[in-house]
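# Report on the structure
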Amino acid sequence: MSIIVMDKLGLAPQIQATLETIYDPELKPANIVDLGLVYEIITKEDGIAKIVMTLTAPGCPVAGEIMNEVQEKVAGIEGIKEALVELTFDPPWTKDMMSEEAKLELGFL
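Predicted, not measured: the structure shown is a model, and the values here were computed from it.

### Comments concerning the environment of I22
Turning to its location among the elements, I22 is positioned in the loop between α1 (12–19) and β2 (38–43). Put simply, I22 and A63 are 41 residues apart on the chain and 12 Å apart in space, counted from C-alpha to C-alpha. Residues within four places of I22 in sequence aside, it is in contact with N31, I32, I66, E69, V70 and K73.

Written out as structure tokens, the structure reads:
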């Protein structure tokens with residue numbers, strides 16, 4: 001599954017690289033991008049970055065931690081004034097959204 005990118009600031013590559021340093025503790029060593037949890041990366045001219053993402057399950061016990069980490073790390077990128085994280089369960093996450101690499105790392109292949 002590919003990430004939808006709308007990038008007025010040209011910072012999506014840096015944002016994606018940053019998101020690749022964030023892990024769901026329950027599914028290490030795969031990062032949230034390889035897990036398919038990031039649906040959209042949006043930047044606007046006013047310096048706002050918005051990440052639309054999901055979690056492996058609605059009751060994910062580390063949801064707050066992961067979202068805070070996404071918000072803090074994206075906000076720390078030069079050129080970003082504010083980072084917003086929107087959580088969605090539409091579409092719901094499935095193992096099919098993981099990259100081949102993540103499936104291998106986690107033993108799903």
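### Comments concerning the UniProt feature "domain: MIP18 family-like" (unreviewed entry) in the protein chain
With numbering matched to this structure, UniProt assigns "domain: MIP18 family-like" (unreviewed entry) to residues 14–85. Helix makes up 26% of residues 14–85 and strand 22%, with an end-to-end C-alpha separation of 16 Å.

### Side note on the nonpolar core
Counting 33 residues, the largest nonpolar core has I15, L19, I32, I51, V70 and V74 as the members making the most contacts within it. Within the residue set of this core, elements represented by two or more residues are α1, β2, β3 (48–53) and α2 (63–75). In this structure, L19 is in contact with N31, I32, V33, V38, I41, I51, V70 and V74, ignoring residues within four places of it in sequence.

### Quick notes on the side chain of T54
Within the secondary structure layout, T54 lies in the loop between β3 and α2. Only 2.7 Å separates the side chain of T54 from the backbone oxygen of T88, close enough to count as a polar contact. Apart from residues lying up to four places away in sequence, T54 is in contact with G36, L37, Y39, L87, T88, F89 and W93.

### A few points about the pairing of β3
Burial of β3 is extensive: 5 of the 6 residues sit out of reach of the surface. With 5 bridges connecting them, β2 and β3 associate as antiparallel partners. When the bridges of β3 are listed, T43 appears paired with A49. Counted along the chain from β2 to the antiparallel partner β3, the turn is 4 residues long, and its residue G47 has a positive phi close to 90°. As judged from the 6 bridges shared by β3 and strand β4 (residues 82–87), these two strands associate in the parallel manner. From the neighbouring strand, I51 faces β4, where its bridge partner is V85. Once you follow β3 into α2 and on to β4, the crossover reads as right-handed.

Cut-offs applied
Residues numbered from 1 in each chain as written. Predicted model: local features only at pLDDT ≥ 70, side-chain atom pairs only at ≥ 80, totals over all residues. Heavy atoms only, no water. Helix = DSSP H or I, 4+ residues; strand = E, 2+ residues; numbered from the N terminus. Contact = heavy atoms within 4.5 Å. UniProt positions renumbered as here; feature names shortened; annotations may be inferred. Core = buried A, V, L, I, M, F, W, Y, C linked by side-chain atoms within 4.5 Å. Buried < 20%, exposed > 50% of the residue type's maximum accessible area, 1.4 Å probe, protein only. Polar contact = N/O pair within 3.5 Å; in protein donor to acceptor, adjacent residues only side chain to side chain. Pairing = 2+ DSSP bridges. Right-handed = clockwise from strand over helix to strand, strands pointing away.

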